[in-house]
Structure formats: C-alpha cells, structure tokens
Amino acid sequence: MKQWEVVIGIETHVQLSTQSKIFSGSSTAFGAEPNVQANAVDLALPGVLPVLNKGAVECAIRFGLAVDGEVAPKSVFARKNYFYPDLPKGYQISQYELPVVVGGKVAIQVGQGDAATEKVITLTRAHLEEDAGKSLHEDFHGKTGIDLNRAGTPLLEIVTEPDMRSSAEAVAYARALHALVRWIGICDGNMQEGSFRCDANVSVRPVGQKEFGTRREIKNLNSFRFLQQAIDYEVQWQIAHIEDGGRVEQATVLFDPDTGETRAMRSKEDAHDYRYFPDPDLLPLLIDRDWVERTRAAMPELPTAKKQRFVADYGLSAYDATTLTASLEVADFYEATVTVAGKAAAKPCANWVMVDLAARLNKDGKELADSPVSAEQLGGLVARIADNTISNNIAKKVFEALWSGEGQSADEIIEKQGLKQITDTGAIEALIDGVLAANAAMVAEFKAGKEKAFNALVGQAMKATKGKANPQQVNELLRKKLG
Amino acid sequence: MSLTLEQVRRVAHLARIEISDAEAESTLGHLNGIFSLIEEMQAVDTRGVEPMAHAQDLAQRLREDRVTETNRRDAYQAVAPETEAGLFLVPKVIE
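Calculation rules
- Residues numbered from 1 in each chain as written.
- Chains lettered and ligands numbered in written order.
- Predicted model: local features only at pLDDT ≥ 70, side-chain atom pairs only at ≥ 80, totals over all residues.
- Heavy atoms only, no water.
- Helix = DSSP H or I, 4+ residues; strand = E, 2+ residues; numbered from the N terminus.
- Rg over C-alpha atoms; globule rule 2.2 N^0.38 Å.
- Buried < 20%, exposed > 50% of the residue type's maximum accessible area, 1.4 Å probe, protein only.
- Areas by Shrake-Rupley, 256 points an atom, 1.4 Å probe, with all protein chains shown as cover.
- Lys, Arg positive; Asp, Glu negative; His and termini not counted.
- Charge placed at Lys NZ, Arg CZ, Asp CG, Glu CD.
- Contact = heavy atoms within 4.5 Å.
- Buried area = accessible area lost by both parts, 1.4 Å probe.
- Salt bridge = Lys/Arg side-chain N within 4 Å of Asp/Glu carboxyl O.
- Polar contact = N/O pair within 3.5 Å; in protein donor to acceptor, adjacent residues only side chain to side chain.
- Phe/Tyr/Trp six-rings, centres within 6.5 Å; stacked < 30°, edge-to-face > 60°.
- Lys NZ or Arg CZ within 6 Å of the ring centre and 35° of its normal.

1. A short note on the overall build of chain B
So, point 1. A count of helical and extended segments in chain B gives 3 helices and 3 strands.
So, point 2. Listing every helix and strand of chain B by position from the N terminus yields α-α-β-α-β-β.
So, point 3. In terms of overall size, chain B is more extended than a compact globule, its C-alpha atoms giving a radius of gyration of 22 Å where 95 residues would be expected to give roughly 12 Å.
So, point 4. Dimensions of chain B, computed from C-alpha atoms along their principal axes, come out at roughly 55 × 45 × 25 Å.
So, point 5. For chain B, with 95 residues in total, the buried portion stands at 22%.
So, point 6. Total accessible area on chain B is roughly 7400 Å²; 56% of this is exposed by carbon and sulfur atoms.
So, point 7. Each charge class in chain B was averaged separately, 10 positive and 17 negative side chains, and the resulting centres sit 8 Å apart.

2. Looking at the interface of chain A and chain B
So, point 1. Counting from both sides, the interface comprises 57 residues of chain A and, opposite them, 39 residues of chain B.
So, point 2. Summing both sides of the interface, chain A and chain B together bury roughly 4200 Å²; the carbon and sulfur share of this comes to 57%.
So, point 3. Here chain A is connected to chain B by 4 salt bridges.
So, point 4. Where R10(B) meets D273(A), a salt bridge forms, and the shortest distance between an N and an O atom there is 2.7 Å.
So, point 5. Remark: the boundary between chain A and chain B carries 26 residue pairs in polar contact (both at pLDDT 80 or more).
So, point 6. Contributing elements (two or more residues each) for the side of chain A that touches chain B: α1 (40-43), β2 (52-53), α2 (54-66), β10 (134-140), β11 (143-147) and β18 (285-286) of chain A.

3. Concerning the packing of aromatic side chains
Residues and elements named next belong to chain A.
So, point 1. A complete count under the given rule lists 11 aromatic pairs over all chains for this structure.
So, point 2. Ring centres of F23 and F77 lie 5.6 Å apart, and the angle between their planes is 85 degrees; this geometry places the pair in the edge-to-face category. Here F23 is found in the loop between β1 (4-15) and α1, whereas its partner F77 is found in strand β5 (residues 77-81), with 54 residues between them in sequence.
So, point 3. Residue classification places F23 among the buried residues on the basis of a relative accessible area of 4%.
So, point 4. Measuring from centroid to centroid gives 6.1 Å for F399 and W403, while their planes differ by 45 degrees, and the two rings are tilted. Of this pair, F399 and W403 both sit in helix α11 (residues 392-403), separated by 4 residues, roughly a single helical turn.
So, point 5. Given the relative accessible area of 9%, W403 is considered buried.
So, point 6. Just above the ring of Y274 sits the side chain of K80; from NZ or CZ to the centre is 4.4 Å.
So, point 7. The ring of F454 has R479 lying over it, and the distance from NZ or CZ to the ring centre is 4.0 Å.

4. Considerations on the environment of F83(A)
So, point 1. As for its position among the elements, F83(A) is in the loop between β5 and β6 (91-95).
So, point 2. With a relative accessible area of 41%, F83(A) lands in the partly exposed category.
So, point 3. Taking the C-alpha atoms as reference points, F83(A) and Y274(A), 191 residues apart in sequence, are found 9.9 Å from one another.
So, point 4. Beyond its immediate sequence surroundings of up to four residues, F83(A) is in contact with G90(A), L14(B), A15(B) and R16(B).

So far we have only geometry, and geometry alone does not tell us how the molecule works.
Pasting the structure below:
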C-alpha cells in the first residue's frame, strides 16, 4: 500500500467590517430587505465611477501588520471579467498583479496539550476586492431572483502557500486566522452570515514525491466542521480515484453538507479565463510609510506577543497561554480576572477561566460575552481561595451561586451562606473528636488494619465541618489522633 | 504575433459578443493591424521604466467610510424588466 501525503492551501474571503461598501456609499449592514442597499454604483448603471473606501484600505493595512507581511506602497485594482447575473458590471473589481499585502505568516498549534507543537503557515498575499450579489434560485415562476445588497461589500482575500498537510492543520489555520481578523477588528467573523468563507485547494501525492499532485478546489466552506469534512472526503476520494487507475483533473468542487460529499461543478472551459487588466476607473492605491506607522501605533497587542507576555509575566505554560489568547475576549477576561485576584494567583485564574468557567458556559450554551459571572467576580472568588478563606470545593459552590445571581460578589456569598473555611485547629479537632466518638465501629476497623475505614472517617469529618475545613488539614489531624 | 480566427471567435465568446463568420474575418484583420502596431511599439527599449497601471500618473483618491446613500430601490426597479418581492428577476441560472 502506497503512503499518501495531503497538500492543502487555503483562500479565505474575509468580509471587512466597514460601514459602507468598498466603492460606494451604500450600507453594508446584514439582513436588510432585498436591494434597498444597492445604489447606482452597485447596480452598475451607466456613467458611474467607483471611489475607494479608506476604511477598507485601513483594514488591509492592519492585516498586513498583524501577519508581518509587506504593506505594498503601491497596489493596483484590476477587472476580473466573467458573466453572472449577480455581478451587474460583468467584472469584479479585484487586485491581481500588485496586491495590497504581500507575504506574511500565521502560527498554528498542531496537536493537543503538552504534545502540541507550533507550525507557521506562510501567506502568499492578501488583496482587496468587492463581493458579488446573491442569486436566489427558489421559485420565481422559473426565474432567478437577484439581490444586490451584498454587491460591493469589501472583502480581503487571504491566500496561503500549500503549507498544510492534514484537514486538522487546515482547520487550525482557519481558526487562527478567524481569531486574528476578529482580534484586530477587521471582520465580525460571523460565519453563518458569510463574513468568513474558505476555499480549500486539496491535492495528494505519494510520500517522498517532490512535485505536487493535481489539485481540486473546494469552494465556499462556511464552517470549520464543513472544512474538515470536505477535505477528509476529498482526500479519500482522490486517493481511491488514483489507486483505481484514474487521474485527478483540475476542477472546482462543491461540498454538500447533507451527504458529506464533494462533487465537481459543471466544468466550464472558460471559467479560468478571466482576462484580468488594470481597471481604468481606478488609479493606483498608494500607501505611504506614515499611514502604515500611524496604523501600527493604533493596533492592539497581537496574540503572539500577548501569549509570550502571559508566559513571562504570569508563569503560564505555553499551552495555557495559547488557549487564553485564542480570542481577544478570552484574553481580556483573563487579565481582568488576574487584576482582581492578584498576579500570584495567575495560574489558578487560568484554570478557572479555561476549565470551570468554560465548562459552565458550554453547559448553558453561552458565549463568554454573556457570562453571568464577570471577570471581577471570578477574580474576587479566586482571591478568596488564594488567601485560604475558602477551599476549592466550596469555591465551586460559590461560583455556582454567583452564576445564578445569588450575590454580587464572592465575599457577599461566603458571608451570607457562612462558607468561610475553618482553619482553627482546635475547632476542627473538636469536630473530629465528635466524629470518632460517634463512629467507634469504624475506628475499630481502621485499627484492625482497614485503610478504607480511614477514608470513611475523613468523609464523616468533612461532613461534620459542612465541607468548610481544609481536607488536607482534616486528614493530618485525624491521622494524628488515630496514630 | 498574429491571431487566428479561432482565437477571435473565442474572445468574442468570452465577451458574449455574437459575430458572424464575415465579422470574424474582418475583426481578425483589424486586430492583427493593432497587433502589428503593438509590435512596433515593443521595439522601444523600456528597460528600467516602471510599467504604469493608469494613463495618468496620479494616486487613487479615497473617501471616508460613511454611508451616504439612501434607499432608492423603487426608482431603480422602475426601469427593470421584471421584479418581485424587491428582487430583480432574470432568466433562470443553474449552477
């Protein structure tokens, strides 16, 4: 059996979060009535001229800086010619030979936990272009309905080198890119609304072969799950096809989520002959150093830098730091928690945010932004564990109480419900004496060599303290008394 | 360089222009005339000259990111051949 290597490159269409379109003053808001946000420029009425949106260019500069690519001092808009009813001009304004961002890189995490390693995906380019409208193929008496609200919405198309070697790496890249464009505020990342769409170029080759195999492009994948499923299906299809003696033909394929299969689109021999040429309606886009530097100064701390700072300042593991910088919301929440709990409690704060809070949010199907427990409240809770006011077990109770709104702060709940940890040795000893007296049979069993009886006694003692004693301390005191 | 009749037909098809055989023949003549002109121009030494993307040596003017347009759908759709539920209707396209 031959061993196969998978080769994947990804093109992503990122919808830029501008108020207006890339070449006109129409709104880009999602969900409006059909065609109410399509003006003369978007409809390609005769005599109109495109005027470039500064906000869209600003987004491209931010992206170029975030991936450490080159922001081109001069880039050129070109016409990509094809005919389709949702493209009224008969061409899409895009960038071809001179894109706005050249090169760049995105780091991804391959594998889980401590076994995870970092891999860098190289970007080829990123260019500005306009989106097309939407065709509705439902029943309009045998006709197609056209909604041009989306026509002219600014997109940044981000293209990678064929650097990925599995569907897992492809998904890791897509997730990292998704987090990054949201982090730097250039895209809302809403995949249901089509704000972030991936095309995957997939090919296979025998392990050890230098040349790439022939690729097929899977279009328009708008969820990470579909991306994974489509690539997995495509890879096994290509391998089976070649092993059966077939040859892969270059093609564009669509993924059907219902069947989990990819299928080739009706082949159009002209599909790739776009006859690009510079758009005479638009002059070259010039971006001077000054503009780039002003944009750089206004950028938030980037995920990689934040991650390194979390490791250095808070003593977190690389894995924890990566998890906590998965999005700006998580990173901000974590830092706000540490600010309240104190830097010494940075590690328990990480655990509470990544494990307890994440699990609780997951259970209720909530996003971090809708968390009933704020970072300040969580920080206040962790602070009380750190200073031994409560045990970890009790903390889980307090957390649950905060979640259900039984109090404004951990302190208030601890006070109101009398959850303060008993650390006074005398008080605990008194309780233990009571337990020993009431459980003479167990004591006898323990003395006869049954270790199990000891655990039962610890359980009784903890029960007697209503869980408010430190289990370790109870353990020690009990052993001393029985010793 | 000169074009073939087949290339002329292909370009016409890509541009969705219907041409007759006679038109293809005469267009071939016109286009080859243009190509020979281009050949003459290519004799000029342009080494070290940066290609221009536009006839005017100017930079693109930018507009602020502001919504300046209002809904004028009724006016635009008044001249459309067919509309329904706010949509423009076109002959069925199947992908």
